[in-house]
Amino acid sequence: MAGRGTVKPQSGFNANNDAEVLFKAMKGLGTDEASILQLLTARSNAQRQQIKAAYKTLHGKDLVSDLKSELTGKFETLIVALMEPPTLYDAKLLRNATEGMGTSEHVLIEILASRTPSEIQNIIQTYKNEYGHNLEDDVTGDTTGHFKRMLVILLQVIFSVSSHEMTYVCVCTQALFDAGEKKFGTDEEQFITILGNRSAEHLRRVFAEYMKMSGFQIEESINRETSGNLKEVLLAVVKCARSVPAYFAECLYKSMKGAGTDDNTLIRIMVSRSEIDMLDIRAEFRRMFATSLNKMIKGDSSGDYCKTLLLLCGGDDA
């Protein structure tokens, strides 16, 4: 997936120069938002961390605090998100999702279903360092039932499955079929065990065999056999096993279609995927929805917020 992002490190990068540009953009009356958004979207996250350090050294002030005091609204949220190291950003999102009244289940689902095993491992460690809590404890304290079980399995970092032999694929496929379409009622445990503990490559083979055996796509069976948050997390796992960029393209589309915009989801995905696979997300978006991500962002946002999102999007696919 390397090199499929829209945001790349700037060559000839100079952290001190950039820190000065940002300082001048916020000095005195008024703020030069254009300079801020153009500079930060043209630097990698690692470079932004160096700018943050240079800013403190040169001016004795915290760059993020200054940005927060100068900017407002969704634009502020977006710029501050760009300043977070990616793993810490995920850890903070998960913390916010489990803290206080109510749980943002869709945030838990999106992050835990889409991140790689090594990313999950780093998130767990960062969460512990940052909050002194065990991520699994916080997730289990806030969720229940089969949904909770599935999230716990997703938090158990499994780097590979020892056997990819066809017999094993067939065993898993038969177990899924027996747990759902074949029986009266649903054996959710089987769905959870098989979909939670397997590599994407293995799952794709199981899905193909499942289609042959049952005549259904696995998504159809999940929709029929499960409901609520369990259904949502199982579908997210299946979609990510098939294609992570297609999963995010669909999440972005849902965040903007119809009346109103889910800006939190829009910001979260545009920031977290900008250096990873945004080019692939754009291509999938165009293929799936007969419009471009660029056009949809333009129709759903405005001002400096819109300009920043479009720079992260990095072009149109009309």
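What you are looking at is a predicted structure, and each value in this text was computed from that prediction instead of being measured.

## Topic: the overall build of the chain
Thinking step 1. Helix and strand counts for the chain come out as 20 helices and zero strands.
Thinking step 2. At 21 Å, the chain has a C-alpha radius of gyration in line with the 20 Å of a compact globule built from 318 residues.
Thinking step 3. Judged by the C-alpha coordinates and their principal axes, the chain covers about 70 × 45 × 35 Å.
Thinking step 4. Each of the 318 residues in the chain was classed as buried or not, and the buried ones make up 47%.
Thinking step 5. Within the chain, counting contacts between residues at least 6 apart in sequence, those at least 24 apart form 71% of the total.
Thinking step 6. Taken as a whole, the chain presents about 14,500 Å² of accessible surface, with 50% of it coming from carbon and sulfur.
Thinking step 7. If the 37 positive side-chain charges of the chain are averaged to one point and the 42 negative ones to another, these points end up 3 Å apart.

## Notes on the packing of helix H2 (residues 33-41) against helix H5 (residues 73-82)
Packed helices, taken two at a time, are described by their axes: the angle between them and the distance between them.
Thinking step 1. Between H2 and H5, the shortest axis-to-axis distance is 11 Å and the interhelical angle comes to 35°. Both H2 and H5 take part in a crossing whose hand is left-handed. Contact residues: Glu33, Ile36, Leu37, Leu40 and Thr41 in H2; Phe75, Ile79 and Leu82 in H5.
Thinking step 2. Across the contact of H2 with H5, the residue classes break down as six nonpolar, one polar and one charged.

## A short note on the environment of Ile120
Thinking step 1. Looking at where Ile120 falls in the secondary structure, it is placed in helix H8 (residues 117-131).
Thinking step 2. For the pair Ile120 and Gln156, spaced 36 residues apart in the sequence, the C-alpha separation amounts to 8.6 Å.

## Section: the nonpolar core
Thinking step 1. Of all hydrophobic cores here, the largest spans 95 residues; its most connected members are Leu195 and Met270.
Thinking step 2. Counting residues per element, this core draws most heavily on helix H15 (residues 228-242), which supplies nine residues.
Thinking step 3. With near-sequence residues (within four places) excluded, Met270 lies in contact with Leu252, Met278, Leu293, Ile297, Leu309, Leu312 and Cys313.

## Regarding the packing of helix H17 (residues 263-273) against helix H20 (residues 303-313)
Thinking step 1. Direction vectors running N to C along H17 and H20 enclose 35°, while the axes themselves pass 10 Å from each other. Taken as a pair, H17 and H20 cross one another with a handedness that is left-handed. Of the residues in H20, those touching H17 at Asp263, Leu266, Ile267, Met270 and Val271 are Tyr305, Leu309, Leu312 and Cys313.

## Concerning unusual backbone geometry
Note on backbone geometry: most residues besides glycine have negative phi, and most peptide bonds are trans.
Thinking step 1. In the Ramachandran plot, Ala290 falls in the positive-phi region, its phi being about 55° despite a non-glycine side chain.
Thinking step 2. What makes Ala290 exposed here is its relative accessible area of 66%.

## Quick notes on the side chain of Glu250
Thinking step 1. Among the secondary structure elements, Glu250 is positioned in helix H16 (residues 244-256).
Thinking step 2. With a relative accessible area of 18%, Glu250 lands in the buried category.
Thinking step 3. Those residues in contact with Glu250 that lie beyond four places of it in its chain are Lys239, Met288 and Phe289.

## Quick notes on the environment of Glu20
Thinking step 1. Assignment of secondary structure puts Glu20 in helix H1 (residues 15-26).
Thinking step 2. We classify Glu20 as partly exposed; its relative accessible area is 27%.
Thinking step 3. In this structure the C-alpha to C-alpha distance between Glu20 and Leu58, which are 38 residues apart in sequence, comes to 8.4 Å.
Thinking step 4. Beyond its immediate sequence surroundings of up to four residues, Glu20 is in contact with Leu58 and His59.

## As for the packing of aromatic side chains
Thinking step 1. The tally for this structure, following the rule as stated, stands at six aromatic pairs.
Thinking step 2. Arranged with centres 3.9 Å apart and planes meeting at 5°, the rings of Tyr253 and Phe289 form a pair that is stacked. With Tyr253 in helix H16 and Phe289 in helix H18 (residues 278-289), this pair connects stretches of sequence that are 36 residues apart.
Thinking step 3. Here the aromatic residues Tyr253, Phe285 and Phe289 are joined through ring pairs into a cluster of three or more.
Thinking step 4. Seen from the ring of Phe216, Arg224 lies directly overhead, with NZ or CZ sitting 4.2 Å from the centre.

Reading guide: rules and limits
- Residues numbered from 1 in each chain as written.
- Predicted model: local features only at pLDDT ≥ 70, side-chain atom pairs only at ≥ 80, totals over all residues.
- Heavy atoms only, no water.
- Helix = DSSP H or I, 4+ residues; strand = E, 2+ residues; numbered from the N terminus.
- Rg over C-alpha atoms; globule rule 2.2 N^0.38 Å.
- Buried < 20%, exposed > 50% of the residue type's maximum accessible area, 1.4 Å probe, protein only.
- Contact = heavy atoms within 4.5 Å.
- Areas by Shrake-Rupley, 256 points an atom, 1.4 Å probe, with all protein chains shown as cover.
- Lys, Arg positive; Asp, Glu negative; His and termini not counted.
- Charge placed at Lys NZ, Arg CZ, Asp CG, Glu CD.
- Axes fitted to C-alpha atoms, helices over the stretch in contact; angles between N-to-C directions.
- Left-handed = near helix turned anticlockwise from the far one by under 90°.
- Nonpolar A, V, L, I, M, F, W, Y, C, P; charged D, E, K, R; others polar.
- Core = buried A, V, L, I, M, F, W, Y, C linked by side-chain atoms within 4.5 Å.
- Phe/Tyr/Trp six-rings, centres within 6.5 Å; stacked < 30°, edge-to-face > 60°.
- Lys NZ or Arg CZ within 6 Å of the ring centre and 35° of its normal.

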